Every structure is written in C-alpha cells, then in structure tokens.
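As a plain string of letters, each chain reads:
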Amino acid sequence: MRTQQIAALLTGALLLTGCGSGQIGDTGGAATDPGNERLVLITGMRGEPFYVSMECAAEAEAVAQGYELNAQAPERFEQAEQSQILGSAISTRPGAIIIAPTDDQALAAPLRQAKNNGIQVVEVDTALADRSIAVSSLSSDNYAGGRLAARTLAELTAGRPGSVLALNTKAGTSTTDARVAGFEDEIREHHPHLTLLPSQYTDNEPATAAQVVSATLGAHPDLVGVFGSNLNTGEGAATALANAGRSGDVPLVGFDASPKQVEDLRNGRVQALIAQDPAKIGREGVRRAIAAIKGEPVERETKTPMIALTRDTMDEQSEFFYRARC
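Residues numbered from 1 in each chain as written. Predicted model: local features only at pLDDT ≥ 70, side-chain atom pairs only at ≥ 80, totals over all residues. Heavy atoms only, no water.

1. Re the state of the cysteines
Alright, step 1. Throughout the structure, instances matching the rule amount to one disulfide.
Alright, step 2. Linked covalently through their sulfurs, cysteine 56 and cysteine 326 form a disulfide whose S-S length is 1.9 Å. Residues cysteine 56 and cysteine 326 are joined through a disulfide that is left-handed, its torsion about the S-S bond being -100°. Of the two residues, cysteine 56 is situated in helix α2 (residues 49–65) and cysteine 326 in the segment after β15 (307–309); the sequence distance between them amounts to 270 residues.
Alright, step 3. Its relative accessible area of 8% is what places cysteine 56 among the buried residues.
Alright, step 4. A residue is classified by how much of its surface remains accessible, and cysteine 326, at 57% relative accessible area, is exposed. (Disulfide = S-S within 2.5 Å. Helix = DSSP H or I, 4+ residues; strand = E, 2+ residues; numbered from the N terminus. Buried < 20%, exposed > 50% of the residue type's maximum accessible area, 1.4 Å probe, protein only.)

2. Some remarks on the pattern of salt bridges
Alright, step 1. Applying the stated criterion across every chain, the model contains 21 salt bridges.
Alright, step 2. Put simply, arginine 131 and glutamate 301 hold a salt bridge, and the shortest N to O gap is 2.8 Å. One end of the pair, arginine 131, is in the loop between β5 (120–124) and β6 (136–140); the other, glutamate 301, is in strand β14 (residues 301–304), with 170 residues separating them in the sequence.
Alright, step 3. Across the pair arginine 188 and glutamate 184 runs a salt bridge whose closest N-O atoms are separated by 3.9 Å. Linking arginine 188 with glutamate 184, this pair stays in helix α6 (residues 174–190), spanning four residues, or about one helical turn.
Alright, step 4. One network of salt bridges, in which partners are shared, links Glu61, Glu284, Arg287, Arg288 and Glu299. (Salt bridge = Lys/Arg side-chain N within 4 Å of Asp/Glu carboxyl O.)

3. With respect to the pairing of β5
Alright, step 1. The element β5 is largely enclosed, with a buried count of five among its five residues.
Alright, step 2. Of the two faces of β5, the one carrying Gln120, Val122 and Val124 and the one carrying Val121 and Glu123 are both buried.
Alright, step 3. One crossover worth recording links strand β4 (residues 96–99) to the parallel β5 by way of helix α4 (residues 108–116), and it is right-handed.
Alright, step 4. Looking at chain direction, β5 and β6 are connected through three bridges and run parallel. Paired with glutamate 123 across the two strands is serine 137, which belongs to β6. (Right-handed = clockwise from strand over helix to strand, strands pointing away. Pairing = 2+ DSSP bridges.)

4. Here we look at the pairing of β14
Alright, step 1. Alternating positions in β14 separate cleanly, Thr302 and Thr304 being buried on one face and Glu301 and Lys303 remaining unburied on the opposite face.
Alright, step 2. Alignment of β6 against β14, held across four bridges, turns out to be parallel. Looking across to β14, one finds that serine 139 is bridged to lysine 303.

5. Notes on the packing of α2 against helix α10 (residues 278–293)
Alright, step 1. Running from N to C, α2 and α10 cross one another at 40°; their axes reach a closest spacing of 7 Å. One finds that α2 runs oblique with respect to α10. Like other packed secondary-structure pairs, α2 and α10 cross with a definite hand, here right-handed. Contacts between α2 and α10 involve Phe50, Ser53, Met54, Ala57, Ala58, Glu61, Ala62 and Gln65 on the former and, on the latter, Pro278, Ala279, Ile281, Gly282, Arg283, Val286, Arg287 and Ile290.
Alright, step 2. When its residues are assigned to classes, the contact of α2 with α10 shows ten nonpolar, three polar and three charged. (Axes fitted to C-alpha atoms, helices over the stretch in contact; angles between N-to-C directions. Parallel < 35°, antiparallel > 145°, perpendicular 65-115°, else oblique. Left-handed = near helix turned anticlockwise from the far one by under 90°. Contact = heavy atoms within 4.5 Å. Nonpolar A, V, L, I, M, F, W, Y, C, P; charged D, E, K, R; others polar.)

6. A word on the nonpolar core
Alright, step 1. Formed by 53 residues in total, the largest nonpolar core has its most connected members in Leu39, Val124, Leu167, Val213 and Val226.
Alright, step 2. With seven residues, α10 is the largest single contributor of residues to this core.
Alright, step 3. The residues touching valine 213, leaving out its near neighbours within four places in the chain, are Leu165, Leu167, Val226, Ala237, Ala240 and Leu241.
Alright, step 4. The next biggest cluster of nonpolar side chains, apart from the first, holds 18 residues, and it includes Ala150, Val180, Phe183 and Leu194. (Core = buried A, V, L, I, M, F, W, Y, C linked by side-chain atoms within 4.5 Å.)

Below you can see the structure in the form of structure tokens.
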C-alpha cells in the first residue's frame, strides 16, 4: 500500500476516535467522486424542532467543511412523500445523501439505487432494517431512552399501583418502536406495581394521541402514567390530560424537548422529557458523509446518549432544548 493511502486511513481513524460505539467499516458501494462536494439532507418531517435542530447543525458543519448542503423534508412523517423527495435527490447525483428514513423497509430500494449509483448513504435518527445499504448510522440510543422513560415514570408514580400507557407513532418507525420496546421491557422487569396496557399507534398526529388518551382515561380509571414516544404523541397526550383535569395527577413522560414540550414541562402539563441531542447527530452525519466521499473509513453505527429533564433540572440543562429555527 502506498504511503499516501496509509496516511489517509490513519487520519480517518483518528478523526473518528471517541465518536461512539460500533465497528469501523469501509465506505461500501460504487466509488464516489472525491471532488463531489454536494450533500443532500432529507429529514423526517418539515418544521419539527428535532429535525430543525439537526438541520441547523448539519448546515453549519457543511459550510465549515466547504461543502454544499441541500436540506429537504416531507410535510408529514410519511414514506410516500419522502420517497418522491429521495428520487429527485438521487437524480441530481450528490456525493452523499444523509437521510432519516420514514419507513425501515419501503425506503430500502431507492436507497440501494443511490448506493449503486455511487452516492454514499448516511442514516440519521432512523435506520433501515437492511444494514447493507448505509455506510453509517447515527441515532439516539432509543431503546435505552425508552427504559429511562419507564424508570422516570415509575419514580413519578411514587409507588402508586395502576396502569400505564405507551403511545407509538407509525408501525415500522425504527426509533419509536425501539423506545416503546425499551419502555415495556423496563416496566415488566423492574416495576411490578405498574400494569402495561397495549401500546397504541397514533399515526404521528397530536390529535389522534389526544383521542387515544381520552379514551384510555375513560376505559381505565386506574391509569397512573402515560409515555409519549415522540414530540407529537407527547403534545397530544398533554392536551388530553389537561382537558380532563388530570395534568400531574396522571404523570406524563414525553420524548424530545421542542419549544412546546419545554413550555409544557415548565407549566406542569408534562412531568418529564427524555431529550436527545439532534445537533450532535446532524454535525456527525455531515462528517461521516464527507469522510465516505473521500474514501475514508467511517464508524458503522453510533448511539448518542439521552437525558431526563424535569421542571427542577430543566434550566441547568437547557443545551438540550430543541430549536424552532436556525
């Protein structure tokens, strides 16, 4: 191996030291033009603060690295619209596509096409079930986040027995599926005073989440806690509990720290939030994409930690609040 190649590999490895867990892999797929300095970021939903925070950090990192980033998103967290955006992005032949897949199965075929066309694929937040397509995946440790939510909710119930409800978004969404699985496992294994109700899908709509919680309050008078697995389910659950006059009486643990969720935490409509670090995911996603374009090795999978925010701790942990705009 030539000296230049050895140096490049060593530089790539050093850049990625300490960036999480997982193995170091090659870039995979067809060769990418190292001079292609165009990146496309496709998040899961336009205007959602988690994705806005990710996009802001990704854009800043791309500028710092001398790359052009074109950020796009569907109006709703929906596979069909995201597939159209993805198809258009592939046709422009960027160096890399950084994407939060809205379906872990249906997006596999177009992303494999991207890979076969020499476009590097980096997954952020969500991931495909097929691990052979993306060169790297970055997300929060969603399963661990679900377990943290369950522990937090158990503390908030203060030993009071009763039923608890987990709200999911859409079937096939890898992040929220993992959160609900972690929540349920933690409750079953360590909190016998709490009884799990069947988790409910909400189509990622706050209004649907509110309807589900309202119906559950009527059907299960012993409800002592609710877990909303993302921003929209948490907002809907908070609305339902407030309308029923049960805010605080039925503790709500939400996921994500959007401006609305933070406001709800401050005013007592939500009792705890499990916050992610979308800015870190966005920055690192761009770095991995650029490394892959250059032919440098990148870490295949990284999980970022999360933190539980309560009204007592929120102000000292404000760096975890999400942004509504860049």
